[in-house]
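# Fold and contact review
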Amino acid sequence: MTDDSAALWVNGSVARLQGMPDDERLLDTLRWRLGLKGTKEGCRTGDCGACTVLVDGKSTLSCLTLTREVEGGSVTTIDGASDDPELKRVSAAFTAAEALQCGYCTPGFVVALAGLLKERGRSAPVEELMDGLQGNLCRCTGYAAIARAVALAREDAP
Amino acid sequence: MNAAPRSDLAVKLAGAAVYGMDLDLPGMLWAALVPAPVAHGRIRSVDLAPARALPGVVAVGAEDLASLLPRGGGDPDRPIFPTGEVAYRNQPLAAVAAPSLREARRAAAAVRVDVEPLPALIDIETAFPDWPDAHAPPSPYVIAHVHARHGDVAAAFDTADRVVEETYRTASVHQVALEPHACVATVTGDRWYVQTCTQTPFGVREDVATLLGLPEESVVVEGTWVGGGFGGKGSSLLEPFALLLSRASRRPVRLASDYRQEFELGRTTLPAVIRLATAVKDSHIVGRRVRLLLDVGSSLPGRDFATGYSIGFLLGPYRTSTFEVEGYGIRTNKPPFGPHRAPFAPQCAFALESHLDEVGRTVGLDPDAFRAAHLWREGDTTALGQRVGPFGLATALEQARALARRWRAAAAPGHGVGIGLGFWSTSTGAGGEVRLVLTPTVLRIVQAEREIGSGSVLRGLAAVAERVFALPPDRVRVEYANTAEAPFDSGVFGSRTLGALGRAIVEAGEKMLGTLAERLGAPGPVRLVVEGDELVVLSGSIRRPVRDLLNSEERTPGLVATGRHYAKSNTIDEQRVVTGTFYPYTDFTGAAHVAEVSVDRETGAVRVERYAAFQDAGTVVDLPTARAQIEGGIAMGLGIALTEEAVWSDDGRFQNAHLLDYRIPTLGEVPPPEVTFVEGFPGAGPFGAKGLGEPPIIPVPATIAAAVRAASGAHVTDLPISAERVARALKLL
């Protein structure tokens, strides 16, 4: 007998999922089952980074992750930005640098950078943080304002 | 001017902005399109029965239009579903909706399509084998022909010391807005309502009404947040199908592209071949010939704007007295040509500027000095006889040359520095209107456009009103309304938003201040000040709160004033036109760019080390958003220059229709550019502003080409300047 239920933590709350097919992507679970539309759907092939979320604190492409793979795990999305210190910090840096235009890639960038700060620490070198964002595409800003936001998000930022 | 933060930062950073892709209505069905299996073919049958047999599926095809639409259909030249021939691969032949996307896709796959394949035309050069020697080709593929000349061109070429003749080829490039097209349609009674991520709500309304044969006022378009446009979201694409399915199912219907469809169905820049010839005598250019073959995809005859508009960019921003220019729009079995940020101008600037470099090298002229000597100044006329207005490109070039000299002096071995120029004309489009509403505490700007990202709506329009009324940013609110409620505007495109709607705000503002002065009984001009929560009208020693100046009908909405701006263009000299439609320019702007690149001597790979832009801006209205346009435009231009190329197979397949193989610039490939604005050459926008959305992309491929040649000697005549093309030019391959 197959069990089609699943549970995971999303932004600090338990999400109990019923009738969940094994091949459902985390991106679709978040957006269409849980209604958390902050995580964006871009390419669905892992090339653009717009769907980036944190799974147990690590940057993860939700379009290439099956929800089954993260059962029992803890997922953080942009919708939970107000509760997470690193997300709040990055969000403030993006505001100060006006590091967005259309904003569609923004949740992915913010979450990915927050993940890098958690993983490497707030004083990680700018180059290392920028390198960690190579998988996120932005078509509007030319990345210049995003680079300014990255510098502001670091601990020893002026 | 003072800068206030963009008002969309918070909502976007909270993940709370609802884009087209995020629309989610109760009871909504999901839709899928049935794609044509070949690029060209005769449709024998499209059998929807197998799809309809599946549970919960609604399907619509050509034969259903008579029963679904009040007039049985729309424009016969632009059928929603083709019934005779397939024009391009993946052209929608039918549409289906079902309770889930999975079921909709299964239903679309179940539709039985029978199409007899016909030979497809994909490569434009095969359509016109005698090109470039033949004129007036007797070809059914040529759907546009433009031809103009001035002076004795034959004599100039016959008596020249040297003639330099070259051929350039440019690739098809895609807008790659990260958000795919997406909409939800809800048809109730005779109200055809669609929510969609669009740059042109009124444009979609007009398109949908034409395509479905509906009165415009029964179509209501509601813009959502837009995840990037760049020209790709400028007319209807998915909306008519979603509306038909909603009519048939009596449910809201969601239709969105996946990213492969985003590439395959997109209307964008297609390939071109450009032939440039220049006659030189006594170290002066005495004559020019320009010929263009432009792929316009399955555009309809008479609907090709691209050929007649773009070709002027091949003559460039230079005084050109003796010339002949001829362009052909070639119909192929690809989706119709569509606008991509400054449509086709970067490609034209690349060819022309690279050619001028070649001419300079051939006859021993310094190309930068030649450009400086021949650039338009205010009062000059264009090749087609238009008068040039205030134009800052000569000043921009002077500054670019000074910087290039410094960079060249400091360049590492193997590095090269190049300069490229581009010009543009802003404020195209029919025009626009705004409604200002003054309440006792805030000024509202009610208008039709959603913010697509540039900031031209939420920040640009607010900045104009702040300046007209001398109000702080927290007392000015830009509001959006749908096409049933907002005053008309032709759309966010053509670098026109700030210019057109900004001018409309200035006009409405002056009317409103006049009304306030009258009601105050003031002898002179009035101004508004903030006192506590209240807005107060002042003139000399007279002062009254706005609240006290509103009559009883104005208490709830506020004091209303409307303004409008419709772009005027000067005209071209028709005596220079032999045939076809050439489009006049409205407002002249330009940019000079400088790049330093390094070239890998083994692989040919190009790395951009430094980049700078000098942009004629008229007057900068809001510095952070202006700078952001230049930074973003440069990055997008680097894609056209170096990596972006849609690869079409001989049978009309978009072969690299995903973001791994269609490579847009990534974060490590774009050095933060130095941006300088050249002011003092006012444009037609508010306070002399000029549009900035498109101009910064135009000089980029030309600039990179010049830098690559300076660094390595490689003269690459095809876009993109891929490692492979550089390696071939250097004979490494």
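The sections below set out a description of the structure shown in this document. (Residues numbered from 1 in each chain as written. Chains lettered and ligands numbered in written order. Predicted model: local features only at pLDDT ≥ 70, side-chain atom pairs only at ≥ 80, totals over all residues. Heavy atoms only, no water.)

## A few points about the overall build of chain A
Here is the rule: Helix and strand assignments follow DSSP, with helices taken as H or I runs no shorter than four residues and strands as E runs no shorter than two, numbered in order from the N terminus. Only C-alpha atoms enter the radius of gyration, while the globule expectation follows 2.2 Å times N to the 0.38, with N the number of residues. Burial classification: accessible surface area is computed with a 1.4 Å probe over protein chains only, and a residue below 20% of its type maximum counts as buried, one above 50% as exposed, and the rest as partly exposed. By definition, residues are in contact when any of their heavy atoms lie within 4.5 Å.
Scanning chain A from N- to C-terminus turns up five helices and five strands. Listing the helices and strands of chain A from first to last along the sequence gives β-β-α-β-β-β-α-α-α-α. On C-alpha atoms alone, chain A measures out to a radius of gyration of 16 Å, which is about the 15 Å that the 2.2 N^0.38 rule sets for 158 residues. For the C-alpha atoms alone, the extent of chain A along its principal axes is close to 60 × 25 × 20 Å. The proportion of buried residues among the 158 residues of chain A is 58%. For chain A, restricting intrachain contacts to residue pairs at least 6 apart in sequence, the fraction spanning at least 24 positions comes to 58%.

## Focus on the sheet that holds strand E12 (residues 253-256) of chain B
All names here are of chain B. Note the threshold: In this scheme, strands are said to pair when DSSP sees at least two bridges between them. The angle between two axes is taken between their N-to-C directions and runs from 0 to 180 degrees, where each axis is a line fitted to C-alpha atoms and a helix contributes only its stretch in contact.
If you walk across this open sheet you meet the seven strands as E3-E5-E1-E12-E9-E10-E11, and the pairing is mixed. One side of each edge strand has no neighbouring strand; the edge strands of this open sheet are strand E3 (58-61) and strand E11 (219-223). Averaged over all pairs of adjacent strands, the angle between strand axes in this sheet comes to 25°, irrespective of strand direction. Where strand E9 (residues 182-188) meets strand E10 (residues 191-196), six bridges bridge the pair, whose relative direction is antiparallel. Directly across from Ala185, in E10, lies its bridge partner Val194. Sheet contacts for helix H7 (residues 201-212): E10 and E11; angle to E11, the most-contacted strand, approximately 145°.

## Describing the environment of Thr95 of chain A
Relative to the elements of secondary structure, Thr95 of chain A occurs in helix H2 (residues 85-97). A relative accessible area of 34% means that Thr95 of chain A is categorised as partly exposed. Separated by 49 residues in the primary sequence, Thr95 of chain A and Ala144 of chain A place their C-alpha atoms 14 Å from one another. Discounting chain neighbours no more than four positions away, the residues touching Thr95 of chain A are Leu9 and Leu13 of chain B.

## Section: helix H15 (residues 456-469) of chain B
Residues that lie three or four places apart on an α-helix share one face, since the helix turns once every 3.6 residues. Residues and elements named next belong to chain B. Selection rule: Expected helix span is computed as 1.5 Å times (number of residues minus one).
Taking 1.5 Å per residue as the helical rise, H15 with its 14 residues ought to reach 20 Å, and the 19 Å between its terminal C-alpha atoms agrees with that figure. Among the 14 residues that make up H15, 13 are buried, leaving the element largely enclosed by the rest of the structure. Of the residues flanking the end of H15, it is Ala470, one or two places downstream, whose phi is positive at about 50°.

## Some points on the side chain of Glu86 of chain A
Here Glu86 of chain A shows up in helix H2. Residues contacting Glu86 of chain A, with those up to four places away along its chain left out, are Ala114, Leu117, Lys118 and Arg122 of chain A.

## Some points on the interface of chain B and chain A
Heads up, the condition is: Once two parts are joined, some of their accessible surface, as seen by a 1.4 Å probe, is lost; buried area is that loss totalled over both. Salt bridge, as used here: a side-chain nitrogen of Lys or Arg that lies within 4 Å of a carboxyl oxygen of Asp or Glu. For this analysis, a polar contact is any N or O atom pair within 3.5 Å, provided that within protein one partner can donate a hydrogen and the other can accept it, and provided that sequence-adjacent residues contribute only side-chain to side-chain pairs.
In this assembly, 54 residues from chain B lie in contact with 40 residues from chain A. Around 3800 Å² of area is buried between chain B and chain A when both sides are counted, 60% of it from carbon and sulfur atoms. Contact with chain A buries area across many residues of chain B, yet Leu13, Leu178 and Leu667 of chain B alone supply 23% of it, more than any other trio. Our count for the chain B to chain A interface comes out at six salt bridges. Between Asp22 of chain B and Lys40 of chain A there is a salt bridge; the shortest N-O distance is 2.5 Å. For the pair chain B and chain A, the number of links is 19 residue pairs in polar contact (both at pLDDT 80 or more). Secondary-structure elements contributing two or more residues to the side of chain B that touches chain A are helix H1 (9-13) and helix H18 (623-643) of chain B. No other element matches the eight residues that H18 of chain B contributes to the side of chain B that touches chain A.

## Let's talk about the nonpolar core
What counts here: Definition used in this section: a nonpolar core is a set of buried Ala, Val, Leu, Ile, Met, Phe, Trp, Tyr and Cys residues joined via side-chain atoms within 4.5 Å.
Of all hydrophobic cores here, the largest spans 207 residues; its most connected members are Phe94 and Leu113 of chain A together with Leu516, Val594, Val597, Ile704 and Ile721 of chain B. In terms of residue count, the dominant contributor to this core is helix H16 (residues 497-520) of chain B (eleven residues). With 37 residues, the next largest nonpolar core counts Ala31, Ile80, Ala87 and Trp192 of chain B among its residues.

## Here we look at the packing of H7 of chain B against helix H8 (residues 239-249) of chain B
Residue and element names in this part refer to chain B. Here is the rule: Oblique is the label for every angle not falling under 35 degrees (roughly parallel), over 145 degrees (roughly antiparallel), or within 65 to 115 degrees (roughly perpendicular). Take the far helix as the reference: if the near one is turned anticlockwise from it by less than a right angle, the crossing is left-handed, and if turned clockwise, right-handed. Classes in brief: Ala, Val, Leu, Ile, Met, Phe, Trp, Tyr, Cys and Pro nonpolar; Asp, Glu, Lys and Arg charged; the others, Gly included, polar.
Where H7 meets H8, the axes come as close as 10 Å, and the angle between the chain directions of the two elements is 60°. In terms of orientation, H7 lies oblique with respect to H8. The interaxial crossing formed by H7 with H8 has right-handed handedness. Facing H7, whose interface residues are Val204, Val208, Leu211 and Leu212, H8 presents Glu239, Pro240, Leu243 and Leu244. For the contact of H7 with H8, the residue count by class is seven nonpolar, no polar and one charged.

## A closer look at H8 of chain B
Residue and element names in this part refer to chain B. Among the eleven residues of H8, ten are classified as buried, and the element is accordingly described as predominantly covered. Listed in full, the buried residues belonging to H8 are Glu239, Pro240, Phe241, Ala242, Leu243, Leu244, Leu245, Ser246, Arg247 and Ser249. Once H8 finishes, Arg250 follows within two positions and takes phi at roughly 60°, a positive value.

## Points about unusual backbone geometry
Cis geometry is adopted by the peptide bond preceding Pro720 of chain B, which originates at Leu719 of chain B and carries an omega value of -5°. Mapped onto the elements of the fold, Pro720 of chain B is located in the loop between helix H19 (700-712) and helix H20 (723-729). Not every positive phi belongs to a glycine, and Asn11 of chain A is a case in point at roughly 50°. Within the element layout of this structure, Asn11 of chain A appears in the loop between strand E1 (6-10) and strand E2 (13-17).

## Focus: the environment of Val164 of chain B
Residue and element names in this part refer to chain B. Tracing the chain through its elements places Val164 in strand E8 (residues 162-170). You can call Val164 buried: its relative accessible area is 7%. C-alpha of Val164 to C-alpha of Thr278: the two residues are 114 residues apart in sequence and 5.2 Å apart in space. Filtering out sequence-adjacent residues up to four positions away, Val164 remains in contact with Leu276, Ala277, Thr278, His355, Glu358, Val359 and Thr362.

## Considerations on the side chain of Ser310 of chain B
Residues and elements named next belong to chain B. With respect to the helices and strands, Ser310 occurs in helix H10 (residues 306-310). A distance of 2.7 Å separates a polar side-chain atom of Ser310 from the backbone oxygen of Ala306. Not counting the four nearest positions on each side in its chain, Ser310 is found in contact with Pro343, Phe344 and Cys348.

## Details of the environment of Phe582 of chain B
All names here are of chain B. Locating Phe582 in the fold gives a position in the loop between strand E24 (577-579) and strand E25 (588-599). Separated by 568 residues in the primary sequence, Phe582 and Ala14 have C-alpha atoms spaced 47 Å apart. With near-sequence residues (within four places) excluded, Phe582 lies in contact with Val146, His147, Ala148, Gly308, Ile311, Leu384, Ile572 and Val577.

## Re the sheet that holds strand E26 (residues 606-618) of chain B
All names here are of chain B. With mixed pairing, the four strands of this open sheet are ordered in space as E16-E25-E26-E27. Looking at strand neighbours, the two that pair on one side only are strand E16 (415-425) and strand E27 (674-679), the edges of this open sheet. Direction aside, the axes of adjacent strands within the sheet are offset by 20° on average. Here nine bridges tie E25 to E26, and the two strands are oriented antiparallel to one another. Along E26, the bridge assignment pairs His593 with Ala613. Set on the sheet, H18 makes contact with E25, E26 and E27; between it and E26 the angle comes to about 135°.

## Some words on the packing of H2 of chain A against helix H5 (residues 144-153) of chain A
Residue and element names in this part refer to chain A. For the pair H2 and H5, interaxial distance at closest approach is 8 Å and the crossing angle is 135°. What the angle tells us is that H2 and H5 run oblique. Crossing angle aside, the handedness with which H2 passes H5 is right-handed. Contacts between H2 and H5 pair Arg89, Ala93, Phe94, Ala96 and Ala97 from the former with Ala145, Ile146, Arg148, Ala149, Leu152 and Ala153 from the latter. In terms of residue class, the contact of H2 with H5 is made up of nine nonpolar, no polar and two charged.

## Quick notes on the pattern of salt bridges
Residues and elements named next belong to chain B. The tally for this structure, following the rule as stated, stands at 60 salt bridges over all chains. Between Lys334 and Asp295 there is a salt bridge, with the nearest N and O atoms lying 2.3 Å from each other. Taken together, the residues Lys334 in the loop between strand E15 (323-330) and helix H12 (345-363) and Asp295 in strand E14 (residues 284-295) connect sequence positions 39 residues apart. Judged by relative accessible area, Lys334 falls into the buried class, the value being 1%. Residue Arg459 pairs with Glu466 through a salt bridge whose shortest N-O separation is 2.7 Å. For the residue pair Arg459 and Glu466, the accessibility class agrees, reading buried in each case.

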